[in-house]
Amino acid sequence: MTVTQSSLHPRATELVDEFTQWRHHLHAHPETAFEEKLTSAFIAQKLQSFGLDVKTGIARTGVVATLHGKKGSGKRIGLRADMDALDIHETTNLPYASKHPGKMHACGHDGHMTMLLGAAKILAENPDFTGTVDFIFQPAEENEGGGREMVEECLFDSHPADAVYGMHNWPGRDVGTMAMKPGPMMASYDIFEIIVDGRGCHAAMPHLGRDPITAAGQVLLALQTITARNVNPLQSAVISPTQIFAGDTWNVIPDTATIRGTVRTFAPDIQDLVEDRLKTVADATAKAFDCTARVMYQRRYPATINSEAETAIAFAAASRVVGADQIDQNPEPSMASEDFAFMLNAKPGSYVWLGNGPTDGNCLLHNAAYDFNDAAIPYGVSYWISLVEECLSA
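Residues numbered from 1 in each chain as written. Predicted model: local features only at pLDDT ≥ 70, side-chain atom pairs only at ≥ 80, totals over all residues. Heavy atoms only, no water.

What follows is about helix α11 (residues 377-391). Compared with the 21 Å implied by 1.5 Å per residue over 15 residues, the 21 Å span of α11 between its first and last C-alpha is a close match. When you tally the buried positions in α11, you get 13 out of 15 residues, the bulk of the element. (Helix = DSSP H or I, 4+ residues; strand = E, 2+ residues; numbered from the N terminus. Expected span 1.5 Å × (residues − 1). Buried < 20%, exposed > 50% of the residue type's maximum accessible area, 1.4 Å probe, protein only.)

The buried fraction of strand β3 (residues 76-82) amounts to seven of the seven residues, a majority that puts the element mostly inside the structure. Burial along β3 is two-sided: Arg 76, Gly 78, Arg 80 and Asp 82 facing one way and Ile 77, Leu 79 and Ala 81 facing the other are all buried. As defined by bridge partners, β3 adjoins strand β4 (residues 132-138) across seven bridges and the pair is classed as parallel. Its bridge partner lying in β4, Asp 82 is registered against Gln 138. Regarding the hand of the β-α-β motif, the stretch spanning β3, helix α4 (residues 109-125) and β4 is right-handed. The pairing of β3 with strand β5 (residues 163-170) spans four bridges and is parallel. Paired with Gly 78 across the two strands is Val 164, which belongs to β5. (Pairing = 2+ DSSP bridges. Right-handed = clockwise from strand over helix to strand, strands pointing away.)

In this section: the side chain of Asp 371. Locating Asp 371 in the fold gives a position in the loop between β16 (349-355) and α11. The exposure class assigned to Asp 371 is buried, which follows from its relative accessible area of 16%. Here the side chain of Asp 371 touches Arg 23 through a polar contact of 2.8 Å, side chain to side chain. Of note is the side chain of Asp 371, whose polar atom sits 2.6 Å from the side chain of Tyr 96. Those residues in contact with Asp 371 that sit more than four places away from it in its chain are Arg 23, His 27, Leu 94, Tyr 96, Asn 356 and Cys 363. (Polar contact = N/O pair within 3.5 Å; in protein donor to acceptor, adjacent residues only side chain to side chain. Contact = heavy atoms within 4.5 Å.)

So, in structure tokens, the structure goes:
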């Protein structure tokens, strides 16, 4: 897409240098799941300086700040940003590169926090709306389900939002563009472990044992028949074995072999089907080689499903910022996952993508050379402000 016209909030452009400094500070001090103590303290201090009512310690390190509109009571919405970094050693060599070895903001959560903080600051200066906004800073999005923990700790009882909204930067989409649609945006995220049990023996005498490595190899191949022959071709499912290991030395057939991986789907019935077939296929294939299979299957994140009415509101808000012609209204859903899904399971809402620019220099999510594009900051700040105006104008 080519940006034709935008309407950034004037304060978002005036304060962009300050916001960029915040982002660089957060980038230099990454913390991983449920360890975001410095991050949480930085966010809470900023929010308190804006005059907001701030609560900390939700889901251990989460922060929620509340702003009431000056036009009285009305609807209540939640705006969410994720806080955690990844276990990646940064290779950018930037002046503000990670000061915590082996940890890095490689998914842009530093930018997400900055944009929501920026919107909170500007909205607090003149809360010219009817209703209430909760600014939700969520820990542990990467793998550990901080969104689930916030919901389970009754986030929406203490902060009873009518709707909740999220946003993620998206490399490969131009700065000044956005993408959204009702329905699936991100896939569910399940993990599995298959332990194939055989009987160890001398590698020169395989007939005396039961080789779990051979059996595991066949299980590995058979897993791919689930998506090829059990899932409707018009539906989506991805089974990705990501680890396989067995044995400790050259001349011993081991007792066990282990396969681990992930499953991604969009529909609950397909998720059920894949889990059932994975267990059956692993068990039956192992038995064919006179071995047995123990299967652990864990559902980590549900699919991220946008509600129709809230996505229409998000589209109207985004149109005021980037222009309707700069919004992809039918993006291809991502097979990656997002624990904002737990909030969307609890409340209606919408999750959108914000253009982060080209992927030159390996500027890809979860890449050691990634860096959030500061040029996107005023667009994200302006979108949040526009969304509040769109939701709470009456």
